[in-house]
Structures are given as C-alpha cells and as structure tokens.
Amino acid sequence: MDPLSVSFAAGQWSQDDFDIVKSPRFDGVGSFIQESDHIVNAVPGEATEAELLSCPAAYCAMLHRKMLNGNVIISSRMSFDHRMAPLIVIAPEMGRSADGRYPELREHYEVVLYDEGLNVWHHRYADGKPSWYRLAYMTDRFAAKTVYDLQTEIQMTAKGPQLTVRCEGRQFGCALPFHFTGKNFIAGIIACEGVNRFYDYRVQGL
C-alpha cells in the first residue's frame, strides 16, 4: 500500500479526500475550522470548557476515503485545549444517516488521547442502537495545548488481529475481536468533548 501523508495546514489538503461522518449517537455532524497550520472542531462559542465535555455539538468525525487493508500504522499529530478528547477512528463498516445525507458510523474503534491517558473504545451497533465499551486503556498524564503524535498499529497475526497504540514513548496493546478481518476498512479522526486540534493524518503499510 502506498503511504498517505496529509498536512492539515491551510492550502495543503483537500476536503474532497475526506467525508464528514455522522455518529448514530448524535443528531448533528459538526464541522472543522481551518487555521494556519491545523484544523480545529467548531464548538458553541458560549459553552465553557467544562460544558464542552458533555456537548454533542463539539463532536465532528472526518474519515479519509482511502480503503485500507491488512497491516497498517495510522497516525495523527493532535492536541486538546482543556482535558479531552481527540482520537483516531477505525471503521470496518459504515451505514447512512436516516435522511440519507451522510455516511454514519456503525461498528468502529476509537483510540483516544486525553489528559489522564489513552483509551481504546469498541463501538457496536445492533437493532438500530449504538453501544460501546472500553476495550483497553493506559493511565498517564498528557498536557493540554501540547501537540502529541498518536500512532495506531493494526497487525493481522496467526493469533488474531492485534492493536498497538504509541504516543510520545508510551506504548500498550490489545487484541481486537476475531471478526475484525483487516479487510476493506477506513479510518480518520474525531474531535469531541472539547476543543481539539489536528495537524496531520498519516497511513503507512507494514
């Protein structure tokens, strides 16, 4: 697979390469604002930092259209302004919003950076309802308004699919459910639970 490297600096990337994607948990889809060297999620201007932690309007998912297969490393340089929670999302399947306007997440995995560590969430979708649980985590301290390089590695092994998460010298891993085949999935970024900034998005085959 050819490597992919997208800079989110002004004039350096095309929105046509990405889809804004709806979450089945929220009614809206959100948007990103272009800054000089990054993009940042649009949030309600009247909301306090504490209020944004539970504000659906802060959520925005943007997935790259390139289909991925097999062993890959998905990376993004990102930061948060308060406590949380920029993330890399991996989506083996997609649906459509009820009005048909947007792609909508179904089963997916989130690798999340926040002030108290790193989380891996497994989101499921059954009978028209989303559910989620924390698949793995690592406790540590990450500082607000600091750019971190979050790397998510997927490896298909004889013992099943494996996920390894790396960020600034920290590393942990977990097994993915066996039904994750590593074939024909897409990935991207999500901003939520505060002001989140993304500086790039990269994919490398192994």
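Read on for a plain summary of the structure. Bear in mind that the values here come from a model prediction, so they are computed numbers and not experimental data.

**Here's the deal with empty space enclosed by the protein**
- Applying the stated rule across the entire model yields one cavity of 30 Å³ or more.
- Approximately 40 Å³ is the volume attributed to the largest cavity.
- What lines the largest cavity is Ser-23, Pro-24, Arg-25, Tyr-59, His-108, Glu-110, His-123 and Pro-130.
- Across the lining of the largest cavity, the residue classes tally to three nonpolar, three polar and two charged.

**Some thoughts on the layout of surface pockets**
- In this structure, the largest pocket spans a volume of roughly 350 Å³.
- Forming the walls of the largest pocket are 21 residues, and the residues nearest its centre are Arg-25, Ala-85, Glu-110, Cys-192 and Glu-193.
- At the level of secondary structure, the elements contributing two or more residues to the lining of the largest pocket comprise strand S7 (84-91), strand S10 (108-114) and strand S11 (117-126).
- For the lining of the largest pocket, the class distribution of residues is 15 nonpolar, three polar and three charged.

**Looking at the nonpolar core**
- In this structure, Phe-8, Met-62, Ile-74, Leu-118, Leu-163 and Tyr-201 are the most contacted members of the largest nonpolar core, which totals 43 residues.
- Ranked by residue count, the leading element in this core is strand S6 (residues 72-80), at four residues.

**A word on the sheet that holds strand S2 (residues 18-21)**
- Read across the open sheet, the seven strands follow the order S2-S5-S16-S7-S10-S11-S12; overall the sheet is antiparallel. Each edge of the sheet is formed by a strand with only one pairing partner; in this case those strands are S2 and strand S12 (129-139). The sheet shows a mean angle of 25° between the axes of neighbouring strands, direction not considered.
- Note: S7 against strand S16 (residues 186-191), five bridges, orientation antiparallel. Bridge pairing links Ile-88 to Ile-189 in S16.

**A few points about the pairing of strand S5 (residues 60-64)**
- Summarising burial for S5: five of the five residues are buried, a large majority.
- Alternating positions in S5 separate into two faces, Cys-60, Met-62 and His-64 on one and Ala-61 and Leu-63 on the other, with burial throughout.
- Here four bridges tie S2 to S5, and the two strands are oriented antiparallel to one another. Bridging across to S5, Ile-20 finds its partner in Met-62.

The rules behind each value
Residues numbered from 1 in each chain as written. Predicted model: local features only at pLDDT ≥ 70, side-chain atom pairs only at ≥ 80, totals over all residues. Heavy atoms only, no water. 1 Å grid on protein atoms, 1.4 Å probe; cavity = no way out; pocket = protein on both sides within 12 Å on 5 of 7 lines; lining within 4 Å. Points joined across faces, edges and corners; volume = space filled by probe spheres on them. Nonpolar A, V, L, I, M, F, W, Y, C, P; charged D, E, K, R; others polar. Helix = DSSP H or I, 4+ residues; strand = E, 2+ residues; numbered from the N terminus. Core = buried A, V, L, I, M, F, W, Y, C linked by side-chain atoms within 4.5 Å. Buried < 20%, exposed > 50% of the residue type's maximum accessible area, 1.4 Å probe, protein only. Pairing = 2+ DSSP bridges. Axes fitted to C-alpha atoms, helices over the stretch in contact; angles between N-to-C directions.

Read these as geometric descriptors, not functional statements.
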